Amino acid sequence: MQITDATTVLFVRHAHTAAIGVELCGRLAGYPLSPLGHSQSEHLGQALRATRLAAIYSSPIERAQATARAIAHHQSCGVDTCAELNEIDFGSWSGQTFVALDDDPGWHIFNCARGSAVVPDGEQPAAAQERIVAATAQLAAMHRGQLIALVTHADLIRFALLHYLSRPLDAYDSLTIDPASVTVVTLWPHGATILSVNSEVDALNLSAGKAEP
């Protein structure tokens, strides 16, 4: 197989928001990056500035868009919004605090048996996994031999990785995906190689995508 058959994908989790660990914001509007998040996203952009990205795709959610724009500021490509990179639709759980959710038995099931959990009035985990895997495959096919960034959300990145690892959704908590972290996967027409998970951008070796001097 030729190297040009492969696409290297940077899965970027959006940078920090004040809701992390406090409230399940889901797809709701009104959750911008925190001051820390703005600093993280600017650092992402600066650290990737010498890396040639062929495209940057982002979830439509504000926190992801802001992170993607900070990366694009140092690139020759803009940000393309991709609906399939959107956060899980958490239905009636959206906007609730984690303290309140702690009293909901369904929330506990979601966090220990994600493969069979039911999100009330929302998107089920298996459907979210199918969505992110299909979107990533389609975008990778559009950019064979190139390096692209997908700015999205923690569970979507976990679900994609579990698919590539042939592991069940219930193993989601075996993977940590921090705000502003980068996970690197090479996608081939018939497979995937995971190169890095939950990495700080400074620790990555992206020499194959370095811009020409």
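Further up the page is the structure itself.
Our subject in this report is the structure included herewith.

Rules behind the numbers
Residues numbered from 1 in each chain as written. Predicted model: local features only at pLDDT ≥ 70, side-chain atom pairs only at ≥ 80, totals over all residues. Heavy atoms only, no water. Helix = DSSP H or I, 4+ residues; strand = E, 2+ residues; numbered from the N terminus. Rg over C-alpha atoms; globule rule 2.2 N^0.38 Å. Buried < 20%, exposed > 50% of the residue type's maximum accessible area, 1.4 Å probe, protein only. Contact = heavy atoms within 4.5 Å. Salt bridge = Lys/Arg side-chain N within 4 Å of Asp/Glu carboxyl O. Pairing = 2+ DSSP bridges. Right-handed = clockwise from strand over helix to strand, strands pointing away. Axes fitted to C-alpha atoms, helices over the stretch in contact; angles between N-to-C directions.

## Description of the overall build of the protein
Counting its secondary structure elements, the protein contains 6 helices and 6 strands. Counted from the first residue to the last, the protein has its helices and strands arranged as β-α-β-α-β-α-α-α-β-α-β-β. For 213 residues, the compact-globule estimate of 2.2 N^0.38 gives 17 Å, and the protein sits close to it at 17 Å. Seen through its principal axes, the protein has C-alpha atoms that stretch 55 × 40 × 25 Å. Evaluated residue by residue, the protein yields a buried proportion of 49% over its 213 residues. Pairs at least 24 apart in sequence give 71% of the contacts found in the protein among residues at least 6 apart.

## Some words on the pattern of salt bridges
Inspection of every chain in the model, using the stated rule, returns 5 salt bridges. The partner of Glu 87 in a salt bridge is Arg 63, and the shortest N-O contact between them spans 3.8 Å. Here Glu 87 is found in the loop between strand E3 (79–81) and helix H3 (98–101), whereas its partner Arg 63 is found in helix H2 (residues 62–72), with 24 residues between them in sequence. Taking relative accessible area as the criterion, Arg 63 reaches 2% and is therefore assigned buried. One network of salt bridges, in which partners are shared, links Arg 27, Glu 123 and Arg 131.

## Thoughts on the pairing of strand E2 (residues 55–58)
The alternating pattern of E2 places Ala 55 and Tyr 57 on one face and Ile 56 and Ser 58 on the opposite face, and all of these are buried. Sheet analysis places E2 next to E3, joined by 3 bridges and oriented parallel. Residue pairing in the sheet places Tyr 57 in a bridge with Asp 80 of E3. Taken together, E2, H2 and E3 form a β-α-β motif whose crossover is right-handed.

## What about the environment of Ala 128?
Tracing the sequence through the fold places Ala 128 in helix H5 (residues 125–142). Overall, the relative accessible area of 0% leaves Ala 128 in the buried class. Residues Ala 128 and Asp 89, spaced 39 residues apart in sequence, show a C-alpha to C-alpha distance of 8.7 Å. Residues in contact with Ala 128, not counting those within four places in the same chain, are Ile 88, Glu 123, Leu 156 and Phe 159.

## Focus: the sheet that holds strand E6 (residues 191–199)
Ordered in space as E3-E2-E4-E1-E5-E6, the 6 strands form an open sheet in which the pairing is mixed. Looking at which strands have only one partner, the edges of the open sheet turn out to be E3 and E6. Mean inter-strand twist for the sheet, computed between neighbouring axes without regard to direction, equals 20 degrees. Note: E2 against strand E4 (residues 147–152), 4 bridges, orientation parallel. For Tyr 57, the partnering residue across the bridge sits in E4 and is Leu 150. In the packing of H2 onto the sheet, contacts are made with strand E1 (7–13), E2, E3 and E4, and the angle to E2 comes to roughly 170 degrees.

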